[in-house]
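Here is how the chains run, residue by residue.
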Amino acid sequence: MNTLDEPNGRVTKDGIRIHEPGDFAGMHRAGRVAAEILDLIGPQVVPGVTTEMLDDFIREEIARRGVTSATIGYRGYQHASCISVNHVVCHGIPGPKVLKDGDVLNIDVTVIVDGWYGDTSRMYVAGDLPRKAERLIQVTHDALFKGIEAVRPGRTFGDIGHAIQTHVEMNRMSVVRDFCGHGLGRVFHAPPNVLHYGRPGTGPRLEEGMFFTIEPMVNLGRPETKVLADDWTAVTRDKSLSAQFEHAVGVTATGCEIFTLSPAGKFHPTW
């Protein structure tokens with residue numbers, strides 16, 4: 001979508017919108033609603049439920065709050081969430097799949113609140129968490145926050161990607177390169193593309209007022225992915241486990257604010 005659809009702020013030469021100080025409040029409201037819904041879904045993630053049942057719960061919570069799902073109707077998509085289980089990297093479609101003990105899954109929710117988009121995802125486990133999945137989830141979680149720590153005016157998007165990539169590869173895992181974070185605000189997707197790998201000092205320079213997601217996808221095996229025949233579901237080519245965490249952030253004068261913090265402190269599945 002075109003950032004020029006947004007009324008406030010200016011656009012950089014890279015096409016990145018610079019939002020005004022008052023816009024942070026709208027993003028915090030939207031991010032909080034999305035995070036609250038992900039807080040509530042946790043107890044529902046148990047062996048024996050289907051991913052469609054989880055999506056129905058999310059749809060009902062969105063309706064109960066009187067806000068709008070950003071994904072229902074988006075490019076023909078008809079669900080209130082993406083639910084990606086085990087070796088599904090992202091964009092998993094909710095359906096009749098029954099969760100088994102030890103399954104790990106990413107649930108991704110985006111809502112629209114007063115015109116602002118709140119976009120976040122986190123990991124969950126059905127039943128007991130397998131040791132190898134536990135380590136993957138921890139590395140992915142920590143990689144996200146390494147990226148967030150790199151956000152401040154004057155740094156570059158390459159600095160964010162480098163921080164994530166270094167942490168992941170130091171732990172002998174791989175960063176997915178086929179998908180990335182994105183700008184958002186009063187639109188769902190906008191410049192920049194936020195890569196989760198890169199070289200320090202490369203890419204557009206960060207400025208106060210930029211809003212975007214950081215959402216690294218990390219595989220236990222190789223980084224390559226493929227998209228299934230449904231044109232949505234992306235899986236690891238080698239069938240290795242994959243994990244993802246996502247926050248939406250806004251660049252401030254001294255660093256950044258996270259719009260999608262968990263109100264209940266449940267962003268990590270073992271907390």
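Residues numbered from 1 in each chain as written. Predicted model: local features only at pLDDT ≥ 70, side-chain atom pairs only at ≥ 80, totals over all residues. Heavy atoms only, no water.

Peer 1: Lay out the overall build of the chain with the relevant residues and their values.
Peer 2: Across its full length, the chain holds 4 helices and 17 strands. A compact globule built from 271 residues should have a C-alpha radius of gyration of about 18 Å, and the chain, at 17 Å, falls within 12% of that. Structurally, the chain occupies a C-alpha span of about 50 × 45 × 35 Å along its principal axes. The buried share of the chain, reckoned over its 271 residues, is 56%. Total accessible area on the chain is roughly 11300 Å²; 51% of this is exposed by carbon and sulfur atoms. Taken as two groups, the 28 positive and 33 negative side-chain charges of the chain have centres that lie 5 Å from each other. (Helix = DSSP H or I, 4+ residues; strand = E, 2+ residues; numbered from the N terminus. Rg over C-alpha atoms; globule rule 2.2 N^0.38 Å. Buried < 20%, exposed > 50% of the residue type's maximum accessible area, 1.4 Å probe, protein only. Areas by Shrake-Rupley, 256 points an atom, 1.4 Å probe, with all protein chains shown as cover. Lys, Arg positive; Asp, Glu negative; His and termini not counted. Charge placed at Lys NZ, Arg CZ, Asp CG, Glu CD.)

Peer 1: Break down the sheet that holds strand E5 (residues 88-90) for me, citing the residues and quoting the values.
Peer 2: If you trace the 3 strands from one edge of the open sheet to the other, you get E5-E14-E13, paired in antiparallel fashion. Each of the sheet's edge strands pairs with one partner strand only, and the pair in question is E5 and strand E13 (225-227). When strand polarity is set aside, the average angle formed by the axes of neighbouring strands in this sheet is 40 degrees. Pairing analysis gives 3 bridges linking E13 to strand E14 (residues 234-236), with the strands arranged antiparallel. In the strand pairing of E14, Lys226 is matched with Val235. (Pairing = 2+ DSSP bridges. Axes fitted to C-alpha atoms, helices over the stretch in contact; angles between N-to-C directions.)

Peer 1: Got a sec to walk through the pattern of salt bridges? Specific residues and values, please.
Peer 2: Inspection of every chain in the model, using the stated rule, returns 13 salt bridges. Of the charged contacts in the structure, one is a salt bridge between Lys13 and Asp14, with a shortest N-O distance of 3.7 Å. When the shortest N-O distance is used, the salt bridge between Arg65 and Glu61 registers 2.4 Å. A residue pair is termed a helical-turn pair when its members lie 3 or 4 positions apart in one helix, as Arg65 and Glu61 do in helix H2 (residues 51-65) at 4 residues. Overlapping salt bridges bring together Arg32, Glu36, Glu61, Arg64 and Arg65 as one network. (Salt bridge = Lys/Arg side-chain N within 4 Å of Asp/Glu carboxyl O.)

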